[in-house]
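Coordinate inspection notes
So the chains spell out like this:
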Amino acid sequence: MPKLNGGEIIIESLKKENVDVVFGYPGGAVINLYDALYNSKMKHYLGRHEQGVIHAADGYARSSGKVGVCIATSGPGGTNLVTGLANAQMDSIPLVAFTGQVSSSLIGKDAFQEADITGISLPVTKHNFLVTDIKDLARTIKEAFYIARTGRPGPVLIDLAKDVTQAVAEFDYPDQVNLPGYRPTFEGHKLQINKAAKAINEAKKPLLYVGGGAVISGAQSEIRQMVEKAKIPITTTLMALGIYPEDQDLALEMLGMHGTQYANKATLETDLLIAVGARFDDRVTGKLDEFAAQADIIQIDIDPAEIGKNLDVEVPIVGDVKKVLKELLPYIKEKENGEWQQRIKELKEKYPLQYEADESETIKPQYIMEEIDKYTKGDATIVTEVGQHQMWAAQFHKYKKPRQFITSGGLGTMGYGLPAAIGAQIGQPEEKVVLIAGDGSIQMNIQELGTAQAYNIPVKIIIFNNKYLGMVRQWQEFFFDKRYSSTKIPAPDFVKMGDAYGIWSKSIDQKSELDTALKEAMEHNGPAILDVHIPEEENVYPMVPAGAGLKDMIGG
Amino acid sequence: MTHILSVSVLNKPGVLTRIAGLFSRRNFNIESLNVGKTENPEISRMTIVVKGDEKVLEQVTKQLHKLINVLKITELDKNSIVERDLILIRVKCTRKQRSEIIQIADTFRAQIVDVAPDSLMIEATGTEDKLEALTELLRDFGIAEFVRTGTVALSRGQASK
């Protein structure tokens, strides 16, 4: 067996895991690993901040379906990863993060750039490891990848004492993992599946409520069959937009706080809610007691802890969503559900998603989304930051396929979008990647423009510029008597900033300019920034106030 | 409502932190937590006394299961277990009071493990109720120092049910 140093063992292990792209930022404690990278064929993308690095790995994982890998040094390198880990943990994104640690003899001595990153990251990782002996290195990497990608995926951190990456050992990558305490359930229970089939066949007003778990599981074709076989209308969470094409009659699009009125009204009327890889988040359910109050609930999830966590369910099924649906489908009777279909049609006609459009030159954010949808023929991968623009992007673009909409759902991380869009583009080089950003969010990881420029990553950055932290301002308008406390945020000149990075940039404020400007940005060979000035006090409708029931929607 | 969970865990670094961290993060209440080695040196057993209704208990169990180093979780049925705490109490006493205290200790099958001119140290094991009763009686003499383990418990064997 070949003798390799720790750094080389890591590279070889990554190859065994079919990793060909890593995101990182070097430093003293990972210098041996970077030395090993120097001679390897591994493609390394240097970010501009460790938070950018990990969000890029996350965006890469979401767009490609592979495990995202990132590297940071000890101390501040590791602590800068924390938001990215929490973000991935909340949205169940498979990541393996390597951090450097001071030499094992110095651990606990408050050495230079020492931080207890395994302690710090404990609550925001699926699992983490500290490696202080090179003999454990290859096995630990094997286990980390296995844990990150199986079951309910999540981020796994490996902290590497500096002497481990320096030491030399034989490289022997294990074929199998030995984790007696980790055995996810993949197969659904037969009896429960029969129960679910019976409930679905008997239901008069069934409704599919599909979340990110279905995307992770790759269950789009099974979901489609479910919808079409028994004519079951489907609403999705923010995490699952596009799992079923949104232009179809039975698609109700997103539900919840800023969901469509028809989706929310359908949850009030359904007699059987079929939750698939969804976790009854408070932004989805509103007041729990009122959510789907008329309905029995079937819940399919790979994580047993999600079942009954927020709401009691009548038919729980633990297992991989795709596998369970495959088992379930043959038992589902073909049905027309005529009356319910008719009702859904009525709801969609009566309560459409809408906004006040006028003949003026004002550029409405909703209109921009529609134009992007039109221009890209609905095919682009849309990545967002967090806030109003994120909701408009979710609402006013018809998503057609899974992994087409990439957003920070659970944690709501401003600053996620730009680096994630870069990662998403690297994960899907052939796709057009469009970042929808707010003027507030984009400034949180703006330094990653440097990454986009350095590697000529052709992401198209559309800034919805309202000179406010719009979502908080909206809450202040509705619930705090327009007391706009600290939400006015003067934007910098984004065109000059783009210029400074050598990125194509343009700013517009007239509706008649939008068409041409979009075309220019989209066709530009490389990254592009389009700064679009939108009305300062435009609101996201409809809206369910926090803590209210879904029946109490405002506007729309 | 308290529940006693017996949890087998792999003896890996940080396993106690992971479990304690989980409880605080998920807003669960621990009454007591006890950890020690088992017959297998690679495995430790934790006895955790949890406060909460059935729903809380279900979440605690499921969330614990998600920890990679947790092997097995059993809720112990209070009607068919042996549960014990251990306490050490140093009681102030004058020469005159000494025999009275020893008598009390005897009644509770406790041991005198240290004698000093002005104090006695008592070691007692038993259920929580018993130890609380003993502590109450000794309080009148003045408790100088007191230390107590959390509960440890095991299910009774099949035959003794």
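Since this is a predicted model, take the numbers as computed values, not measurements.

**Brief notes about the overall build of chain A**
The helix and strand tally for chain A stands at 22 helices and 20 strands. Relative to the globule expectation of 24 Å for 556 residues, the C-alpha radius of gyration of chain A, 24 Å, shows essentially globular dimensions. Across its three principal axes, chain A shows a C-alpha extent of roughly 70 × 60 × 40 Å. By the burial criterion, 59% of the 556 residues in chain A qualify as buried. Once local pairs closer than 6 in sequence are excluded, the contacts in chain A between residues at least 24 apart make up 76%. Taken as a whole, chain A presents about 21,500 Å² of accessible surface, with 49% of it coming from carbon and sulfur. Distance between charge centroids for chain A: 4 Å, based on 58 positive and 73 negative side chains.

**Section: the pairing of strand β13 (residues 296–301) of chain A**
All names here are of chain A. Buried residues dominate β13, accounting for five of its six residues. In this structure, β13 lies alongside strand β14 (residues 315–318), joined through four bridges in parallel fashion. Paired with Ile300 across the strands is Ile317, a residue of β14.

**Considerations on the sheet that holds strand β3 (residues 43–51) of chain B**
All names here are of chain B. Spatially, β2-β3-β1-β4 is the arrangement adopted by the four strands of the open sheet, whose pairing is antiparallel. Each having just a single partner strand, β2 (29–37) and β4 (70–76) make up the two edges of the open sheet. On average, each strand axis in the sheet is inclined to that of its neighbour by 20 degrees, with strand direction left out of account. Note: strand β1 (residues 2–10) against β4, six bridges, orientation antiparallel. For Ser6, the partnering residue across the bridge sits in β4 and is Thr74. Across the face of the sheet, helix α1 (residues 15–25) comes into contact with β1, β2, β3 and β4 while running at roughly 15 degrees to β3. Along the sheet, helix α2 (residues 54–66) contacts β1, β3 and β4; its crossing angle with β1, the most-contacted strand, is approximately 5 degrees.

**Some thoughts on the environment of Asp129 of chain B**
Inspection of the secondary structure puts Asp129 of chain B in helix α4 (residues 128–139). Between the C-alpha atoms of Asp129 of chain B and Asp85 of chain B, which are 44 residues apart in sequence, the distance is 9.8 Å.

**With respect to the pattern of salt bridges**
One pass over the full model with this rule turns up 43 salt bridges over all chains. Here Arg90 of chain B ties to Glu145 of chain B by a salt bridge, and the two come within 3.1 Å at their closest N and O atoms. Of this pair, Arg90 of chain B sits in strand β5 (residues 81–92) while Glu145 of chain B sits in strand β8 (residues 143–148), and the two are 55 residues apart along the sequence. A cluster of three or more residues bridged by salt bridges with shared partners is formed by Arg152, Asp303, Glu306 and Lys309 of chain A together with Lys66 of chain B.

**A closer look at the UniProt feature "domain: Thiamine pyrophosphate enzyme N-terminal TPP-binding" (unreviewed entry) in chain A**
The feature "domain: Thiamine pyrophosphate enzyme N-terminal TPP-binding" (unreviewed entry), as given by UniProt, occupies residues 5–118 of chain A in the numbering adopted here. Along residues 5–118 of chain A the backbone is 43% helical and 18% strand, and the end-to-end C-alpha distance reaches 23 Å.

**Concerning a negative patch on the surface**
Together, Asp53, Glu54, Glu75 and Asp77 of chain B give the surface a local cluster of negative charge. Relative to the helices and strands, Glu75 of chain B resides in strand β4.

**A word on the domain arrangement of chain B**
Residue and element names in this part refer to chain B. Annotation of chain B at the domain level lists domain 1 (2–76) and domain 2 (81–155). For domain 1 versus domain 2, the separation of C-alpha centres amounts to 29 Å. Domain 1 puts seven residues into the contact, and the matching count from domain 2 is nine residues. Both faces combined, the contact of domain 1 with domain 2 buries some 660 Å², and carbon together with sulfur accounts for 62% of it. Sorting the residues of domain 1 by area buried against domain 2 places Ile4, Asn34 and Leu76 first, and these three jointly supply 58% of that buried surface. Remark: the boundary between domain 1 and domain 2 carries zero salt bridges. Breaking the side of domain 1 that touches domain 2 down by element, the ones donating at least two residues are β2 and β3. At three residues, the largest contribution of residues to the side of domain 1 that touches domain 2 is made by β3.

**What to know about the environment of Trp504 of chain A**
Residues and elements named next belong to chain A. Tracing the sequence through the fold places Trp504 in strand β19 (residues 504–508). Among the residues examined, Trp504 registers a relative accessible area of 22% and is labelled partly exposed. With 412 residues separating them along the chain, Trp504 and Ser92 place their C-alpha atoms 34 Å apart. If sequence neighbours within four positions are ignored, Trp504 has contacts with Ala517, Glu520, Ala521, His524, Pro527, Ala528 and Ile529.

**A word on the packing of helix α9 (residues 190–202) of chain A against helix α14 (residues 321–328) of chain A**
Residue and element names in this part refer to chain A. The interhelical angle for the contact between α9 and α14, taken along N-to-C directions, is 60 degrees, at an axis separation of 10 Å. Judged by the sense of rotation from one axis to the other, the crossing of α9 with α14 is right-handed. For the pair α9 and α14, the contacting residues are Lys190, Ile193, Ala196, Ala197 and Ile200 in the first and Val324, Glu327 and Leu328 in the second. Its residues placed into classes, the contact of α9 with α14 shows six nonpolar, no polar and two charged.

**With respect to the packing of aromatic side chains**
All names here are of chain A. Applying the stated criterion across every chain, the model contains 15 aromatic pairs over all chains. Here Trp475 and Phe479 contribute two aromatic rings whose centre-to-centre distance is 6.0 Å and whose plane-to-plane angle is 85 degrees, an arrangement assigned as edge-to-face. Of this pair, Trp475 and Phe479 are both found in helix α20 (residues 470–479), four residues apart, which corresponds to roughly one turn of the helix. Ring-pair connections join several aromatic residues into one group, and the members of that group are Phe23, Tyr45, Tyr60 and Tyr455.

**Description of the UniProt feature "domain: ACT" (unreviewed entry) in chain B**
As annotated in UniProt, the feature "domain: ACT" (unreviewed entry) corresponds to residues 4–78 of chain B in the numbering used here. Structurally, residues 4–78 of chain B is divided into 32% helix and 43% strand, and its ends, taken at the C-alpha atoms, are 8 Å apart.

**Quick notes on empty space enclosed by the protein**
All names here are of chain A. Tallied over the full model, the rule gives three cavities of 30 Å³ or more. If you add up the space inside the largest cavity, you get close to 40 Å³. Of all the secondary-structure elements, those providing two or more residues to the lining of the largest cavity are α3 (50–64) and α18 (417–427). Its residues assigned to classes, the lining of the largest cavity shows six nonpolar, three polar and one charged. When residues of the lining of the largest cavity are assigned to domains, at least three fall in each of domain 1 (3–170) and domain 3 (365–533). Quantified by volume, the second largest cavity comes out at close to 40 Å³. Around the second largest cavity, the lining residues are Leu241, Glu246, Glu253, Met254, His258, Gly259, Thr260, Leu353, Ala394 and Gln395. Of all the secondary structure elements, the ones that give two or more residues to the lining of the second largest cavity are β11 (251–254) and α17 (388–395). Grouping the amino acids of the lining of the second largest cavity by side-chain chemistry returns four nonpolar, four polar and two charged.

Cut-off values and rules
Residues numbered from 1 in each chain as written. Chains lettered and ligands numbered in written order. Predicted model: local features only at pLDDT ≥ 70, side-chain atom pairs only at ≥ 80, totals over all residues. Heavy atoms only, no water. Helix = DSSP H or I, 4+ residues; strand = E, 2+ residues; numbered from the N terminus. Rg over C-alpha atoms; globule rule 2.2 N^0.38 Å. Buried < 20%, exposed > 50% of the residue type's maximum accessible area, 1.4 Å probe, protein only. Contact = heavy atoms within 4.5 Å. Areas by Shrake-Rupley, 256 points an atom, 1.4 Å probe, with all protein chains shown as cover. Lys, Arg positive; Asp, Glu negative; His and termini not counted. Charge placed at Lys NZ, Arg CZ, Asp CG, Glu CD. Pairing = 2+ DSSP bridges. Axes fitted to C-alpha atoms, helices over the stretch in contact; angles between N-to-C directions. Salt bridge = Lys/Arg side-chain N within 4 Å of Asp/Glu carboxyl O. UniProt positions renumbered as here; feature names shortened; annotations may be inferred. Patch = residues over 30% accessible without salt bridge, like charges linked within 9 Å, V, L, I, M, F, W, Y side chains within 5 Å. Domains from an automatic or database assignment. Buried area = accessible area lost by both parts, 1.4 Å probe. Left-handed = near helix turned anticlockwise from the far one by under 90°. Nonpolar A, V, L, I, M, F, W, Y, C, P; charged D, E, K, R; others polar. Phe/Tyr/Trp six-rings, centres within 6.5 Å; stacked < 30°, edge-to-face > 60°. 1 Å grid on protein atoms, 1.4 Å probe; cavity = no way out; pocket = protein on both sides within 12 Å on 5 of 7 lines; lining within 4 Å. Points joined across faces, edges and corners; volume = space filled by probe spheres on them.

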